[in-house]
Structures are given as structure tokens and as C-alpha cells.
Amino acid sequence: MPTATISFDKFNQLQDDACHQRIRAARERLGKQAVLLCHHYQRADVYQYADLTGDSLKLSRLASQADAQYIVFCGVHFMAEVADIMSKPEQIAILPDLAAGCSMADMANLAKVERCWRELGEVLDVDQQVTPVTYINSAADLKAFCGARGGIVCTSSNAGTIAAWAFERREKILFFPDQHLGRWTGHQMGIALDEMFVWDPDLEMGGLSADEIRRAKLLLWKGHCSVHQMFQPAHILRFRNQHPDGLVIAHPECSFEVCRQSDFVGSTEHIVRTIKEASPNTRWLVGTELNLVNRLAEEVRSEGKIVQFMAPTVCMCSTMQRIDPQHLAWTLENLADGTLVNQIKVPEHEKELARVALERMLAVS
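Residues numbered from 1 in each chain as written. Predicted model: local features only at pLDDT ≥ 70, side-chain atom pairs only at ≥ 80, totals over all residues. Heavy atoms only, no water.

A. Here's a closer look at the pattern of salt bridges. In this structure the tally under the stated criterion is 16 salt bridges. With its nearest N and O atoms 3.5 Å apart, the salt bridge here joins Asp200 to Lys222. Here Lys222 lies in the loop between strand 9 (218–221) and helix 12 (233–242) and Asp200 lies in the loop between strand 8 (196–199) and helix 11 (210–215), a separation of 22 residues in the sequence. Notably, a salt bridge pairs Lys305 with Glu303, separated by 3.0 Å at the nearest N-O pair. Residue Glu303 is classed as partly exposed on the basis of its relative accessible area of 31%. (Salt bridge = Lys/Arg side-chain N within 4 Å of Asp/Glu carboxyl O. Helix = DSSP H or I, 4+ residues; strand = E, 2+ residues; numbered from the N terminus. Buried < 20%, exposed > 50% of the residue type's maximum accessible area, 1.4 Å probe, protein only.)

Right, here's the structure in full:
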């Protein structure tokens, strides 16, 4: 490929209308060479160009089945890594803005997880007693960590199924990086709250005693989603007081109390499906990312359904918001000119082990 890259500076100040024209023109030039994958949380002005959409589980499958040379992932960094891991060797995964990360994923890194594993080994026969399970919202090296130790990846769609798989193999689970998804999953399986302990990676032995580690069935990493932590039980109480017949649905990344007070809890795909399949003229309070809620509200409005965002303040996935029309236009125009930008390439030694953990997940799911 030519090395001359079109500078992003030429796009940074472009008005959205001009960007959209250039996106359409570049896509026409690329034809079937490029496929655009968009997560449900993606902003509307980018989401409209998606060839394929879904939550993390669905997009993982789609990435493994794509035929295009370029997989342009309009999401965040760990999603593009999954696309690189699961796609064919000759395919190239691209993230339009390398600054589109995930604050939750950043709450667990390989050094801290390895230290956790060593410390657990001072109390337990860790390789025989603990299955590491990483939420897909994590870096590739943590997926590789799980692949190397008999562990697995999960998503919010399949966390219960994955946890059951893990418990069939060992008596305990180390679940990272989202404590809330882990706790809700354990609760749904009938695990008592006093058998689930939070591991604080900034404290020696996670801040736990040897007895607590031995008693734990689920060790929950001290991590969370910055969007879903904004939802509070008070928001649900206010809604129920105002709309006694209304229904509440929340993502399992929400706090335990929010999930417990909701009528339905599930992944983004579950939220979309539940509301779309609901009776006409129903009213919904939704605890998940704002772009998805707004898009869903528009899609079901004609059925008399009212869909409202749970929090009184605006909270969206700010890092995914970085994928804007300017970055997408810049990425596609460079590709159309034969110049590769922002490739996401997982090191081969990590890719092999991470693929093991991801393929375990897809086989179980």
C-alpha cells in the first residue's frame, strides 16, 4: 500500500454534511472491500452507515464470518481487537479513532490480574480451583490470560451460560473486569451475596482475608461501566410513582439494586428484542446507553410505545462517541486511496490464546 496518508487535519474541521458526502463517495469506491460493524451504542450519524449491527456477542460472531478485506469497527478498541482475533489472517481490522477505548476495560490490566492470580495461589490451588472468566469488555491480553488457564470470555448475553460452564470445571470463578455483571449473574444462579467477594486490585490480597477467599464462589473484580453506574434505584422509584403501569428494563452492568428493582434485565440485544416484541402502547424506562435508548424510542414510537432513558442527566458512552463522521470519512477515504490507517493488530502469541477463550465462548453459546 502507498505510505502517503491523508492527514486527519483536513477532516477535523469539516462540517458533518461534507463528511457524509465523502463517506458515501468513499464507500462506493471501496464496494465490498470494506464492511462496517457498529455496536448498538454508536452515535446515530455513524450508525446509519452500518452494514452489520449488534451487541458484543453478535458482533463477535459477525466478525468471524465477514468476507470483506477491511473490517471497519465503529465501536471501541477491545471490539476491534476481537475482530482482528476472530477474522481470517488476510483480513484487516480498523478502528476509525484509536482514542475510542473503554474505561471499564482499563480497570483491569494484565499485570494486576497476574498479581491477583499469584496472590490467590498463596491461599488456593488456583489452577485447580479457579476458572478465570473475562467479560468481553477487556483487552486481548486478558482474553489470552484466560485462554492459557482453562478460562473463557463472556458477554452480557451469555454470562449465565458461561458461568455454568466454568463451575462445571472448577469450584470458583475469578470474574473481571465488571463486578456488577458478575454479581447479577451469580445471583441469578442462586449464589448468595455472602459467597461473592469484591477483589480490589489496588489492595494486597484484593483486600480480602484468606477465609473470605476460601469461602468465595465468585471473586468479582472491582470494576464498572461509567455509563451504567449512573442509574440509581431512585430513578426507578420516581418512574413507578408517575407511571404505575410502566415497565423497567436494565442492562446487567447496572448496580445490583437497579437490576433487582427492574422488571427485566438483559443485554442490549435483549433490551431491543423485549421492547420491540412488547404490546403496543406500553411505557418503558430503560437503563442503558443513551444512543441505543433514543434510537429504540424512535423505532417503536409508531406502535404507541413510549421509551425513556432512566437517568435524568445525559450519560452516553463518551469513548464510543469519538467515532464521529470526521474520523469515519478520513478512514474510508484513505482506504479508498489505497492507504491503511488505524489498523488494530493483536500480537500473534496473544491472538492464538485469546482465540481459544473466544472460541470456547462461541462453542458454549
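Right, picking up where we left off after that structure.
B. Quick peek at the packing of aromatic side chains. On inspection of all chains with the given rule, the structure shows seven aromatic pairs. Measuring from ring centre to ring centre gives 6.4 Å for Phe145 and Phe176, while their planes differ by 70°; the resulting arrangement is edge-to-face. Taken together, the positions of Phe145 in helix 8 (residues 140–148) and Phe176 in strand 7 (residues 172–176) put the pair 31 residues apart, joining distant regions of the chain. Since its relative accessible area comes to 0%, Phe176 is described here as buried. Ring centres of Phe264 and Trp284 lie 5.6 Å apart, and the angle between their planes is 40°; this geometry places the pair in the tilted category. Residue Phe264 is found in strand 11 (residues 264–265), and its partner Trp284 is found in strand 12 (residues 283–287); the two are separated by 20 residues along the sequence. These aromatic residues form a ring-pair network of at least three members: Trp117, Phe145, Phe176 and Trp221. (Phe/Tyr/Trp six-rings, centres within 6.5 Å; stacked < 30°, edge-to-face > 60°.)

C. The arrangement of the pairing of strand 8 in detail. Both strand 8 and strand 9 contribute to a ladder of four bridges, which runs parallel. By the bridge assignment, Met196 is partnered in strand 9 with Leu218. Handedness of the β-α-β unit built from strand 8, helix 11 and strand 9 comes out right-handed. (Pairing = 2+ DSSP bridges. Right-handed = clockwise from strand over helix to strand, strands pointing away.)

D. Quick peek at the sheet that holds strand 14 (residues 343–344). Within the open sheet, the five strands sit side by side as 2-1-3-4-14. Their pairing is mixed. Single-partner strands in this sheet number two, and they are strand 2 (52–54) and strand 14. As paired elements, strand 1 (residues 34–39) and strand 2 share three bridges and run parallel to each other. By the bridge assignment, Cys38 is partnered in strand 2 with Thr53. This element, helix 16 (residues 325–336), spans strand 1, strand 3 (70–74) and strand 4 (92–94) of the sheet and lies at about 175° to strand 3. (Contact = heavy atoms within 4.5 Å. Axes fitted to C-alpha atoms, helices over the stretch in contact; angles between N-to-C directions.)

Without other data, these values stay purely geometric and don't point to any function.
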